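Geometric and topological summary
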Amino acid sequence: MVRAKKSGSKAARITTQLFIKPKSSKAASLPEPPAFESLPVNKKQCKAAVEALVAHAKKRVAEKQDTDLLADDDNEAIWLGVTLKRMSPKDNHKPVRIPLPHPLLDPRNNPVCLIVKDPQREYKDLLEEKKIKFISRVVGMEKLQGKFKPFEARRQLMKEHDLFLVDDRIVPEMPRVLGKQWLQAKKSPIPVTLKRVDLKGELERAISSTYLRINKGTSVSIRIGSLSAHSTQDILDNLVAAIPYLAVRLPMGGWDNVQSLHIKTTTSASLPVWSCSLDENSEADAKSRFFVSDVDEAEIEAKKKAKAEKDERIREKRLRKLESEARKIALENKLAEGSSSEAEEEEGESTPAADETAEVAEENIEDIDETPKAQPKDKKPKQLKATASPAKAERKKVSSTSKKMKGLDSVKGLPRKSKKA
């Protein structure tokens, strides 16, 4: 029997679920997002929140630069935080692509690396043929497992590039080859399909989009910009473009599952953008907050009934098993009582014969004591001697011991001193 191989490391097991082909590869099957105006979010509130957050972040950066000459530039990311009413029943790490009007990265300033299958030269020639110049480096699997196999080489490759794209056909190999550094640095490779006719458009959509990853908690985050690369208006446009996708991409009811929206930087507090109504008089809103809108009550009742029937069948089966065990034990006890009574009767019948055997054995023992030397050396005396009484054997044992201890002091166990001395 061939056993399945275990995963190599804990990091590989953790990152295996993160390098998965995004749902955007089948964009035609996904519903279109609604218009922003149809949602209950106020655009003025969004604008006020973005302006206040940008002003606060820039003020903190200026104060930090006055006190710390080695402080970094204002390169903080801006996130859209979504609080859910109900958490997802399962952990879904498949990234959901959300297009943005202003890309998070500029390929002219932020290097982009593309990881492809072997041979590497084939895909380099393909990029030159399609006149794709915004990919700064192409790395094949052979080079990734050879030249970049050492830890320092892989870490240097990660630092030199701000975005990684990977051929969707080699996604399962990424955790084993890359390790956990990409996950910790939040640079997980984004899967793309290199067999598309419009390859340039596929790569541009992957670079200009942000990604939503659903977890088992009630809070998710979507990156919508950065202070150094985007203006206030760019961040606002990205925010307005990302919010409608929540209505069709979130699990457990879409927009009905959204509790609140807020924006923040990596180190700042959250500023509210929208919050659902908490009016207790609104029965529909109360139901949407605590129940899933597409749940069928008849289906729930049918499941409860099926569960009750199953429990009843299990209980009856256990009772039948206990009854059969009780009958089996009673039968065994009855057989044991019958066998014990038969044994007692047999013992009563064999008592006189046992007495006669004991008397014959005693007479033989007396004969042996009187004439031990004349007895021939055969097996009979040994058998008769074995039938001697245990009391006599014990006396012989004591006498032999006393002979050995005759010349020793009873207290110290040393030879006794002679009276002459």
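The coordinates are above.
Residues numbered from 1 in each chain as written. Predicted model: local features only at pLDDT ≥ 70, side-chain atom pairs only at ≥ 80, totals over all residues. Heavy atoms only, no water.

**A look at the sheet that holds strand β9 (residues 258-265)**
Sheet architecture is open: four strands sit in the order β8-β1-β9-β10, paired in antiparallel fashion. Sheet topology places β8 (219-226) and β10 (271-275) at the edges, where each strand pairs with a single neighbour. The mean inter-strand angle of the sheet, taken between neighbouring strand axes irrespective of direction, is 20 degrees. For β9 and β10, the ladder comprises four bridges, and the chain directions are antiparallel. Residue pairing for β10: L261 is matched across the bridge by W274. On the sheet, helix α2 (residues 43-67) packs against β1 (77-84), β9 and β10 and is oriented at approximately 165 degrees with respect to β10. (Pairing = 2+ DSSP bridges. Helix = DSSP H or I, 4+ residues; strand = E, 2+ residues; numbered from the N terminus. Axes fitted to C-alpha atoms, helices over the stretch in contact; angles between N-to-C directions. Contact = heavy atoms within 4.5 Å.)

**Let's talk about the pattern of salt bridges**
In this structure the tally under the stated criterion is eleven salt bridges. The residue R155 makes a salt bridge to E152 at a minimum N-O spacing of 2.7 Å. Within this pair, R155 and its partner E152 are both found in helix α5 (residues 151-160), separated by three residues, close to a single helical turn. The class for R155 is partly exposed, based on a relative accessible area of 32%. On the accessibility criterion, E152 (48% relative accessible area) is partly exposed. Of the charged contacts in the structure, one is a salt bridge between D311 and K307, with a shortest N-O distance of 3.4 Å. Of the two residues, D311 and K307 both sit in helix α11 (residues 297-349), four residues apart, roughly one turn of that helix. Given a relative accessible area of 39%, D311 falls into the partly exposed group. Among the residues examined, K307 registers a relative accessible area of 53% and is labelled exposed. (Salt bridge = Lys/Arg side-chain N within 4 Å of Asp/Glu carboxyl O. Buried < 20%, exposed > 50% of the residue type's maximum accessible area, 1.4 Å probe, protein only.)

**Describing the sheet that holds strand β4 (residues 137-140)**
Pairing is parallel across the open sheet formed by four strands, whose spatial order is β4-β3-β5-β6. At either margin of the open sheet sits one strand with a lone partner, and together these are β4 and β6 (190-192). Across the sheet, the mean angle from the axis of one strand to that of its neighbour is 30 degrees, orientation sign disregarded. Two elements, strand β5 (residues 163-167) and β6, share three bridges in a ladder whose sense is parallel. Paired with D167 across the two strands is V192, which belongs to β6. Lying over the sheet, helix α3 (residues 120-129) contacts β3 (112-116), β4 and β5, oriented at roughly 155 degrees with respect to β4.

**What about the pairing of β1?**
In terms of residue burial, β1 counts as a mostly covered element, since six of its eight residues are buried. Two elements, β1 and β8, share seven bridges in a ladder whose sense is antiparallel. For T83, the partnering residue across the bridge sits in β8 and is S219. Summarising the sheet, β1 and β9 pair through seven bridges and their orientation is antiparallel. Pairing of L84 across the sheet is with V258, part of β9.

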